[in-house]
Each structure stands twice: as C-alpha cells, then as structure tokens.
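# Structural characterization, general
Chain by chain, the residues:
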Amino acid sequence: MRQGNISVHTENIFPIIKKFLYSDHEIFLRELISNAVDATQKIKTLASVGEFKGELGELKITVTLDEATKTLTISDNGLGMTADDIEKYINQLAFSGAEEFVTKYKDKADANIIGHFGLGFYSAFMVAHQVEIQTLSHKEGSEAAHWTCDGSTSFTIDKGTRTERGTDIILHIAEDSEEFLQKYRVNSLLEKYCRFLPVEIEFDGKVINNTKPIWIQKPSELTDDDYTKFYSELYPYAEPPLFWIHLNVDYPFNLTGILYFPKVSNAIDAEKHKVQLYSNQVFVTDNVKDILPEFLMLLHGVIDSPDIPLNVSRSSLQSDSNVKKITSHISKKVSDKLSDLFKADRKDFDAKWPSMDIFVKYGMLSDEKFAERAQEFCLLENVKGEYSLIKEYVEKIKPLQTNKEETVVALYTSDPIGQHSYIKAAQDKGYDVLKLDGMLDVHFVGQLEQKQEKLSVKRVDADIIDKLVDKGEERVSVLTDKDVEKLKTLFSDVADKVKFSVEAEALSPEASFITITEDEFARRMREMSRMQNMTMFGNMPDHFKIIINSNHAKAKKLLEAKGAAKKDMVKQILDLAMLSKNMLTGEHLTDFVNRSMEAV
Ligand code: ADP
Ligand code: MG
C-alpha cells in the first residue's frame, strides 16, 4: 500500500468545490457516467485498431445502489486503469483540471459556469465523503488496483479486488447528500442526462437509455414515423409536430440534431418544450438561450455538438465564434426548409401558416438575414382567408390602392369583429383588408413598411377611408364654412376634450356621418412602447379624431334642430359612433342603453 498527497496549491479545494457546485450537485452522475462511456469507447477503439486482442464482451455500464453501505457505484467494463494510470490520470491530471477550475472561479459570484463540464472525476466529492476506485486494466498482466480518498488531499493506493477488466467508482454518499441513495432520484437523473448515451446503462436490472437516437442516424434510413415517434419520446404529451429538419454538419463545426416545428399559437406554449443540447449524446442543458437565436427557441428537438464550448460562462458563449456560426447555420437551414415546403406544396403551406405565423415573424424581427430569406415564404392573410406572399400582395392591391403620391396603401385590421364597420367601408371601395391580429404584428407592420419601398400600411380605423387611400379627389362641401364650424363646435362641446379632437370633411353623402379614427403612427408607437414597458410613449393617453361628414344629410338636420333636442342628438350620434368602434363601455354604455330604450 502506498499513501500519498495530491499536490495542491489551493488550500481546502474540496470545500470550495462543494460550495461552488452547490446548486448543481447532481451533475456528478453525468460526469462519472461520461467517464465510463469514454472508457468503453476507448476499449472499442483499441480493439478495432488491434491494440487490444482480448474479448470485448458485452459492453455496458451498471449503476447500483446499496442502502446498507450507503454507496452508489458506477461500473464499466471499459479499458480500466493500472496503478500508474491512476497516479497519472486521477492524482495528477484530473486534479490539476479541478484545481485550475477552482482557482479561476472561486472569486466569481457567477455560478452559471457550474454544471458545465470541467470538473470531471472530482465532482464526485460534491456528494461523497469518500470515493473508491476498483479497477483492472486491459493491459496484459495488469494487477487490479484500489484507490481511496476521503476528500482531503491525501489518498491511498493498494491492490484491488477486480478480476475482470474495467472500473468501479464507489461513492460513499455524504450525509447531506442522501437523496442520491434514493432509487427514484437516481433514476430521474439517469433519464435526464443519460437517455441517449451510446453505451447501455443498466440500473435496477433495466436498460435506461436508447443508444442509437435517430439524430445520429442517416435521414435516408428514417421514416416520418421514426421522427414523430422520437418527438413523442422527447415530449410525451405534446401534439405532433408540423414538420422537422434533420441537421447534419461536419464542417466547419460538428453538429447533428433534429429541430421540430411545433404547432405554435403563442410563444408561451412553445417554450414549454425546450430544445435540448447534447454533447456526444450526453445531455448538457435545455437552457439553450445564447446558443440558439432567440426565435429558434420556439422550436423543439435536440442539437448535439461537441464543438459548443460547455465549460465557459454564458457571456463568453455569446461571443464565441463557433456558437455564432452554429446559430447562423441553423437559421439558414430553417429558412431553406420553409422555402422548400412553400415551393413543394403551396396549399399545404397555406394550411400550416397559422401555426407558423408567430415563428416566422419572430424570426424576421430578430434576424436580419432570416427576414430577407423569409420574403420567399412569409404570407399575408386577408380577412377573406386568402394568402399571398408580400410581393404578390403588393401587386394585387396596386391597381386600386395606390394613392396620389404613388404609394401603395395596404389596409389591415387587428380585430375583424370589433373593426367591422371600418372593414366594410374599405370593402365598399373595393379595397382588400389584411388580418394582422397576432401579438407581434405591431412590430411586423413597422418592418413591412420599412423593407418595402413605396408601401404604407394602415389600420382600417386610422382615418376615414378616403384619406387612408387618398387619391387626391376634390371634395366639395355643400355647407358653408360657417355652418361647418358650427357643426364642429356642437361636437367639441359634448366630447371629452382630452380624448378627442373634432374635424369635418366633405365626403360622399353615402359615407357615414361620424367616424372615430385613431392615428396610425401614434397608436403604433404607444402599442410598441407598452409591449416593451417603456414609459415615455406608453403613458401617452389614447387620442382619437371625430370626423364629421359635412355632406351627410344628417348634418343639415342637426344644424336645423332647436333647443335641447340639438344637444341630445349630438350625444346620441356620438355614442353610436363610439359604439361602432367598440369604445362604449361601463357607465357610458349603460346611460346610452337606458336613454335609447326610453326613446323607443
Ligand atoms: P476527463 O474525463 O475530462 O479526462 P475526468 O476528471 O473526468 O476528466 O477524468 C480524468 C481521467 O481519469 C480520465 O481522462 C481517465 O483517464 C480517467 N478515468 C476516469 N474515470 C475512468 C474510468 N471509469 N475508466 C477509466 N479511466 C477513467
Ligand atoms: Mg470526464
């Protein structure tokens, strides 16, 4: 037997390890099993190149719990270690890695680094007060070796008891970590981290993993059924996905994976099932923020890449050039797939659009390149349920909806029911109305205008229809200027002055008498600011225009009315206009109903 000291430069390294890894103790299991997987892969490689000539046997990893001795053991029949190997790999190399880690991060409050590789074997001391290694090397004539360490810097090495090639890592679980002696706890950790490891992992007599997940298989050998089955393996209760992309890149970085398009109707739904990140089939995290472009977080599935650096903090991850390449590659793949689907079957694409709408718009708003590519598949839907590409749509409405400045005016509604009277006014002119009622559409409308030259996009209630698409036709008033002023005063006396301003227009006698409008730009600014919780514009009160059609027959009638009846008429007319804009609520509505009932 030999006793020795692990040479350290940092005093009390183990307490530091414990303290810093506190929030993520459970990763010890992933680390130790990854080592066992490595040892198994290595013996396979040695056999395949002829350096190991013995029997490989059935290669697997076994996890066992022993409540009586309070131990958790991870056994493999990988390549094993000699006493010299232990000296070199465990006492010196592994430790220097752990030590470097600790000296580097002990002063950092950022605990995010934890839980990403870098500590390896010594993470066992997060949960064990003593760790033993029993191992027999594959090398011919090796002797079994036994190493123990109690979490101080001293260790012992003596003769071991293993009679077959491989390694047992025996953890004597510490009192404060006894949860790791519970079967269900260990089982759930194995499910989380080891579900798709390439070597069979046995726990409780059961193999817990799928060693050949479909993302490492060839797309040509897989059926649709394989993909949907795998999806439900990942997310047992989710609705089937719309479609998927099988990623397979080996230059300039390594990446495999499958991204699924869920049926998203809102972002919160989608985020329930996160993309999982793997490194050589070892689960790393499902917190892929900073690795995936934000809009791709609405997708589901797995990404496996040994090239994503895992042992660094998130902030440096964002600036990592591999990560940048990966995100732009994925974004490109996704837009290519969408273009292909669009070209292959337009009807089917139309039908799927409502489930993709949010995703595509989110992508366009957050990724400049994606926005460019999306011109080939981003659809606009009108109130009749017809779909067109942006450029198709502009061509379609150009003949009728071009104003005197040669700008094409697209009209939209954010509420087909509430804005019905405005939609109807537009349709009566033969204009088309888009339906843009999604949560990102305020931003989308802004982008649409910006990217398209000579296109202006206005909500149907942003102005009276003659001014929304202003063709410069001359409007002649049948009333005198003086009468028009009188009319305006009648309304401004009754209306709330903060909320409304009053204007008159000489419109066709058929157009409605009173229209309440809300300026497009100001409304958009307010809505956007409110979404981002910005106070400056967000706090601005809503402001509306009351537009009187001075050519309407009622104008004359109103001017001719006498006494109190005049004011009552104005009130009633104004309330009706508000009612048709869905603005009449509460006490105001009750008053209106009572008053109207009396008049019946
Ligand atoms: P890493 O896995 O990054 O090399 P670790 O600290 O996890 O670092 O492990 C240190 C080394 O100990 C490994 O590189 C390997 O040489 C050796 N080792 C650990 N576990 C085993 C095992 N189960 N079988 C054989 N060798 C092992
Ligand atoms: Mg390791």
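Residues numbered from 1 in each chain as written. Chains lettered and ligands numbered in written order. Predicted model: local features only at pLDDT ≥ 70, side-chain atom pairs only at ≥ 80, totals over all residues. Heavy atoms only, no water.

### What about the pairing of strand E5 (residues 145-149)?
What counts, and what does not: Relative accessibility thresholds used throughout: buried, under 20% of the residue-type maximum; exposed, over 50%; partly exposed, between the two (1.4 Å probe, protein chains only). Each helix is a run of DSSP H or I of at least 4 residues and each strand a run of E of at least 2, with the numbering of both proceeding from the N terminus. If DSSP finds at least two bridges between two strands, the strands pair.
Judged by how many residues are buried, E5 sits mostly within the fold: five of five residues are covered. Burial of E5 is two-sided: the residues Ala 145, Trp 147 and Cys 149 facing one way and the residues His 146 and Thr 148 facing the other way are all buried. Looking at chain direction, strand E4 (residues 128-136) and E5 are connected through five bridges and run antiparallel. Paired with Ile 133 across the strands is Trp 147, a residue of E5.

### Some words on the confidence of the model for the chain
Reading predicted coordinates in detail is not appropriate for stretches of low pLDDT. Rule in force here: Known as pLDDT, the predictor's per-residue confidence is scaled from 0 to 100. Any two residues whose heavy atoms approach within 4.5 Å at even a single point are treated as in contact.
Taken over all residues, the pLDDT of the chain has a mean of 88, while the share at 70 or more is 88%. For residues 109-117, every residue scores under 50 in pLDDT, and the model assigns this stretch 25 contacts once sequence neighbours within four places are set aside.

### Focus on the nonpolar core
The cut-off we apply is this: As used here, the term nonpolar core means buried Ala, Val, Leu, Ile, Met, Phe, Trp, Tyr and Cys residues forming a set that is joined through side-chain atoms within 4.5 Å. Start and end positions for the domains come from either an automated domain assignment or a database one.
Counting 60 residues, the largest nonpolar core has Ile 33, Trp 147, Leu 171 and Leu 190 as the members making the most contacts within it. Considering each element in turn, this core owes the most residues, seven residues, to helix H2 (residues 27-48). Here this core spans two domains, since at least three of its residues come from each of domain 1 (2-205) and domain 2 (214-344). For Trp 147, the residues in contact, after removing those within four places along its chain, are Ile 86, Ile 90, Asn 91, Phe 121, Tyr 122, Phe 125, Val 131, Glu 132, Ile 133, Phe 155, Thr 156 and Ile 157. Judged by nonpolar contacts, the second largest core, of 56 residues, contains Ile 245, Val 249, Leu 299 and Val 394.

### Re the pattern of salt bridges
Let me state the cut-off plainly: The salt bridge criterion pairs a side-chain nitrogen of Lys or Arg with a carboxyl oxygen of Asp or Glu, the two atoms within 4 Å.
For the structure shown, the criterion picks out 40 salt bridges. As a salt-bridge pair, Lys 70 and Glu 178 come within 3.1 Å of each other at their nearest N and O atoms. Placement of Lys 70 in the loop between strand E2 (60-66) and strand E3 (71-76) and of Glu 178 in the loop between strand E7 (166-173) and helix H4 (183-194) is noted, with a sequence separation of 108 residues between them. Between Asp 428 and Lys 424 there is a salt bridge, with its nearest N and O atoms 3.3 Å apart. Here the residue Asp 428 and the residue Lys 424 both occupy positions in helix H12 (residues 420-428), the gap between them amounting to four residues, near one helical turn. In the salt-bridge network here, residues are joined through shared partners; they are Glu 449, Arg 459, Asp 461, Glu 518, Glu 520, Arg 523, Arg 524, Arg 526, Glu 527, Asp 542 and Lys 581.

### What about helix H13 (residues 441-451)?
For H13, the buried fraction is high: eight of the eleven residues fall into the buried class. Every buried residue belonging to H13 is among Asp 441, Val 442, His 443, Phe 444, Val 445, Gly 446, Gln 447 and Leu 448, and all of these are buried.

### Things to note about the sheet that holds strand E1 (residues 2-5)
Filter applied, for reference: Whenever a helix is involved, its axis is fitted only over the stretch in contact; in every case the axis is a line through C-alpha atoms, and angles between N-to-C directions fall within 0 to 180 degrees.
In spatial order, the strands read E1-E6-E5-E4-E7-E3-E2-E8-E9; together these nine strands make up an open sheet with mixed pairing. Only two strands of the sheet have a single partner each, and these edge strands are E1 and strand E9 (206-207). Relative to strand E6 (residues 154-159), E1 is paired through four bridges, and the arrangement is antiparallel. Considered in E6, the bridge of Gly 4 is made with Phe 155. The strands touched by H4 within the sheet are E2 and strand E8 (200-203), with E8 carrying the most contacts at an inclination of about 170°.

### Things to note about helix H8 (residues 321-344)
Residues that lie three or four places apart on an α-helix share one face, since the helix turns once every 3.6 residues. The condition is simple: To estimate how far a helix should reach, multiply one less than its number of residues by 1.5 Å.
Look at H8: 34 Å from first C-alpha to last across 24 residues, which is about the 34 Å you get at 1.5 Å a residue. Along H8, the residues that are buried comprise Val 323, Ile 326, Thr 327, Ile 330, Ser 331, Val 334, Ser 335, Leu 338, Ser 339 and Phe 342.

### Topic: the site of ligand 1
Where we set the bar: A cutoff of 4 Å decides nearness: a residue is near a molecule or strand if any of its heavy atoms lies inside that distance of it. Here a polar contact is recorded for every N or O atom pair within 3.5 Å, except that within protein the pair must consist of a potential hydrogen donor and a potential acceptor, and residues adjacent in sequence are included only if both atoms are side-chain atoms. Residues are grouped as follows: nonpolar covers Ala, Val, Leu, Ile, Met, Phe, Trp, Tyr, Cys and Pro; charged covers Asp, Glu, Lys and Arg; every other residue, Gly included, is treated as polar.
Near ligand 1 there are eleven residues, and of these Asn 35, Ala 39, Asp 76, Gly 120 and Phe 121 occur at the shortest range. The contact in question runs from an oxygen atom of ligand 1 to an N or O atom on the backbone of Phe 121, over 2.9 Å. Mapped onto the shell around ligand 1, the elements with two or more residues apiece are H2 and helix H3 (83-105). The leading source of residues in the shell around ligand 1 is H3, at three residues. Among the residues forming the shell around ligand 1, the class breakdown is seven nonpolar, three polar and one charged.

### Topic: the packing of H8 against helix H9 (residues 346-366)
The line we're drawing: Angle categories: roughly parallel below 35 degrees, roughly antiparallel above 145, roughly perpendicular from 65 to 115, and oblique for all the rest.
Look at H8 against H9: their axes get within 8 Å of each other, and the N-to-C directions meet at 150°. In terms of orientation, H8 lies roughly antiparallel with respect to H9. On the side of H8, the interface is formed by Val 334, Leu 338, Leu 341, Phe 342 and Ala 344, while H9 contributes Arg 346, Phe 349, Met 356, Phe 359 and Val 360. Residue composition of the contact of H8 with H9, grouped by class: nine nonpolar, no polar and one charged.

### Some details on the environment of Phe 544
Within the secondary structure layout, Phe 544 lies in strand E22 (residues 544-549). Owing to a relative accessible area of 6%, Phe 544 belongs among the buried residues under this scheme. Between the C-alpha atoms of Phe 544 and Glu 518, which are 26 residues apart in sequence, the distance is 4.7 Å. If we skip the residues at most four places from it in the chain, Phe 544 touches Lys 499, Phe 500, Ser 501, Ile 516, Thr 517, Glu 518, Lys 581 and Met 583.

### Focus: the layout of surface pockets
What counts is decided by this rule: Only protein atoms enter the 1 Å grid used here. Points where a 1.4 Å probe fits but cannot escape make up a cavity, open sets with protein on both sides within 12 Å along at least five of seven lines make up a pocket, and a residue lines them when an atom lies within 4 Å of a point. Grid points are joined across faces, edges and corners, and a volume is the space filled by probe spheres set on the points.
Roughly 560 Å³ of internal volume is contained in the second largest pocket. The wall of the second largest pocket is formed by 25 residues, among which Ala 425, Ala 511, Ser 512, Ile 514 and Thr 515 lie closest to the centre. Put simply, the parts of the chain that give the lining of the second largest pocket at least two residues each are H12, helix H14 (465-468), strand E21 (514-517) and helix H19 (563-580). By residue number, the principal contributor to the lining of the second largest pocket is H12, which donates five residues. Of the residues contributing to the lining of the second largest pocket, the split by class is 14 nonpolar, five polar and six charged. Built from parts of two domains, the lining of the second largest pocket gets at least three residues from each of domain 3 (378-468) and domain 4 (481-599).

### Examining the sheet that holds strand E17 (residues 408-413)
Here three strands make up an open sheet; going across it, the order is E18-E17-E19 and the pairing parallel. Whereas interior strands pair on both sides, the edge strands pair on one side only; in this sheet they are strand E18 (433-435) and strand E19 (455-459). Averaged over all pairs of adjacent strands, the angle between their axes in this sheet comes to 35°, without regard to strand direction. Where E17 lies against E18, three bridges are found, and the strand directions are parallel. Paired with Leu 411 across the two strands is Val 433, which belongs to E18. This element, helix H11 (residues 390-397), spans E17, E18 and E19 of the sheet and lies at about 110° to E17. On the sheet, H13 packs against E17 and E19 and is oriented at approximately 155° with respect to E19.

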